[in-house]
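Read off the chains here:
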Amino acid sequence: MGFHVLKSEKNKNRFVVGGAILCCLIMVVFPEITAQASREAVNIWLNSVVPTLFPFFIAANFLKKTGMVSRISPKIYPFVMALLSGYPMGARITGDYYRAGLIDRDQMNWILSYSMVTGPAFLVGAVGVGFLGSHRLGLVLCISHYGGALINSAFYGAKKAGAKPVKSSASGRGDSYYNLLTDSILDSFRSIAIILAYIVIFMIATDLLQFSGALSMLPGGEGAALAKGILEMTVGCSSLSVCSCSEASKAALASFIVSFGGLSVMGQSMSMLYGCGVSLWQLFKMKLSQGVISGILAFSLSCFVI
């Protein structure tokens, strides 16, 4: 048993080291692509992620450190915070509840199944109006995205996520709120930097696929947009603007991409769920089912709206 575990760890280490070496080689061989992709990623991060997520990270960290989070229902709080700020806030808050001992593993999985959502401003403003050119389709995306998340929770066991009595979660260099706020800001900087790293990595991967011509082998612009969306959500949604398919099909594809979140969002969510025992495969299945449900809802609703 111990031998197999050790062998598995060695294989994981080799994979990580090999991946790091490959990334270094790519940056050396394709410096223009990596530089351009990094600039695009930093631009998205500065203009979209930091303004919407950073203040909420600070607030969530502060509530956690003062112990106030234990007084808020874990069934509602992660979803509401994700609704206000977007990915990966739902995973961050749910992970905080589990690490604090307020919910068990089953309850965590159930809450994750409907709390990993993005905000309505992104759905209506950026995707609906900006990429699809329709405010009505933006509203369709909202209904299908949140409706899909709630339906998705039925497949992961609607456990009662009741709070457990725990010790105060207040921490830091002292009991003063100033010290707790300072610690919250520092922790938030770390989380927001991790998100930037994942956006850069998957933006480079998307641009390399585009440069290699692999995306041109896919059927139509829809296939390329879907492939991009599987890697990075925003890039995939923006690619739908040049597709020639029907508006109902665009709405279904956009809803799937946004609800699935892309591997970039999954990586961000996994970093927020450290120490919770959630595997990438488990998260992948959860987001895939949510994406499929949301896509079906969006297509059905679009047939009535358009």
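Attention in this report is confined to the structure presented alongside it. Bear in mind the structure is a predicted one, so any value in this text is a computation, not a measurement.

## Topic: the side chain of Thr-206
1) Next: When you line up the elements, Thr-206 lands in helix α8 (residues 177-212).
2) Next: The exposure class assigned to Thr-206 is buried, which follows from its relative accessible area of 2%.
3) Next: Beyond its immediate sequence surroundings of up to four residues, Thr-206 is in contact with Lys-228, Leu-231, Glu-232 and Val-235.

## Considerations on the packing of aromatic side chains
1) Next: Per the stated rule, a full pass over the model turns up eight aromatic pairs.
2) Next: Measuring from ring centre to ring centre gives 6.2 Å for Phe-79 and Tyr-146, while their planes differ by 80°; the resulting arrangement is edge-to-face. Of this pair, Phe-79 sits in helix α3 (residues 77-85) while Tyr-146 sits in helix α7 (residues 135-153), and the two are 67 residues apart along the sequence.
3) Next: Note on Trp-281 and Phe-284: the rings are 5.7 Å apart at their centroids and 15° apart in plane angle, and the pair reads as stacked. Here Trp-281 and its partner Phe-284 are both found in helix α13 (residues 280-305), three residues apart, which amounts to about one turn of the helix.
4) Next: For Phe-284, a relative accessible area of 25% translates into the label partly exposed.
5) Next: Taken together, the ring pairs in this structure connect Phe-79, Trp-110, Tyr-114 and Tyr-146 into an aromatic cluster.
6) Next: In this arrangement the basic side chain of Arg-99 is found over the ring face of Tyr-274, its NZ or CZ atom lying 4.3 Å from the centre.

## Concerning the nonpolar core
1) Next: One finds Leu-112, Val-127, Ile-192, Ile-195, Met-233 and Leu-240 to be the most contacted residues of the largest nonpolar core, which totals 71 residues.
2) Next: The element best represented in this core is helix α2 (residues 31-66), accounting for 11 residues.
3) Next: Contact partners of Leu-112, with chain neighbours within four places excluded, come to Ala-91, Thr-94, Leu-273, Val-278 and Met-286.

## Observations regarding unusual backbone geometry
Phi is mostly negative for residues that are not glycine, and the peptide bonds are mostly trans.
1) Next: With an omega dihedral of -10°, the bond running from Tyr-87 to Pro-88 counts as a cis peptide bond.
2) Next: With respect to the helices and strands, Pro-88 occurs in the loop between α3 and α4 (89-99).

## Side note on α2
1) Next: Across its 36 residues, α2 extends only 46 Å between first and last C-alpha, which sits more than 12% below the 52 Å expected from 1.5 Å per residue.
2) Next: Positive phi shows up at Gly-67, right after α2, with a value of about 85°.

## A short note on helix α6 (residues 120-131)
1) Next: The end-to-end C-alpha distance of α6 is 14 Å, clearly below the 16 Å that 12 residues give at a rise of 1.5 Å each.
2) Next: Taken as a whole, α6 has its buried residues at Phe-122, Leu-123, Val-124, Val-127 and Gly-128.
3) Next: Looking at the packing, one finds that the buried side of α6 touches α7, α10 (233-239) and α11 (247-260).
4) Next: Following α6 by one or two positions, Gly-133 has its phi on the positive side, about 70°.

The rules we used
- Residues numbered from 1 in each chain as written.
- Predicted model: local features only at pLDDT ≥ 70, side-chain atom pairs only at ≥ 80, totals over all residues.
- Heavy atoms only, no water.
- Helix = DSSP H or I, 4+ residues; strand = E, 2+ residues; numbered from the N terminus.
- Buried < 20%, exposed > 50% of the residue type's maximum accessible area, 1.4 Å probe, protein only.
- Contact = heavy atoms within 4.5 Å.
- Phe/Tyr/Trp six-rings, centres within 6.5 Å; stacked < 30°, edge-to-face > 60°.
- Lys NZ or Arg CZ within 6 Å of the ring centre and 35° of its normal.
- Core = buried A, V, L, I, M, F, W, Y, C linked by side-chain atoms within 4.5 Å.
- Expected span 1.5 Å × (residues − 1).

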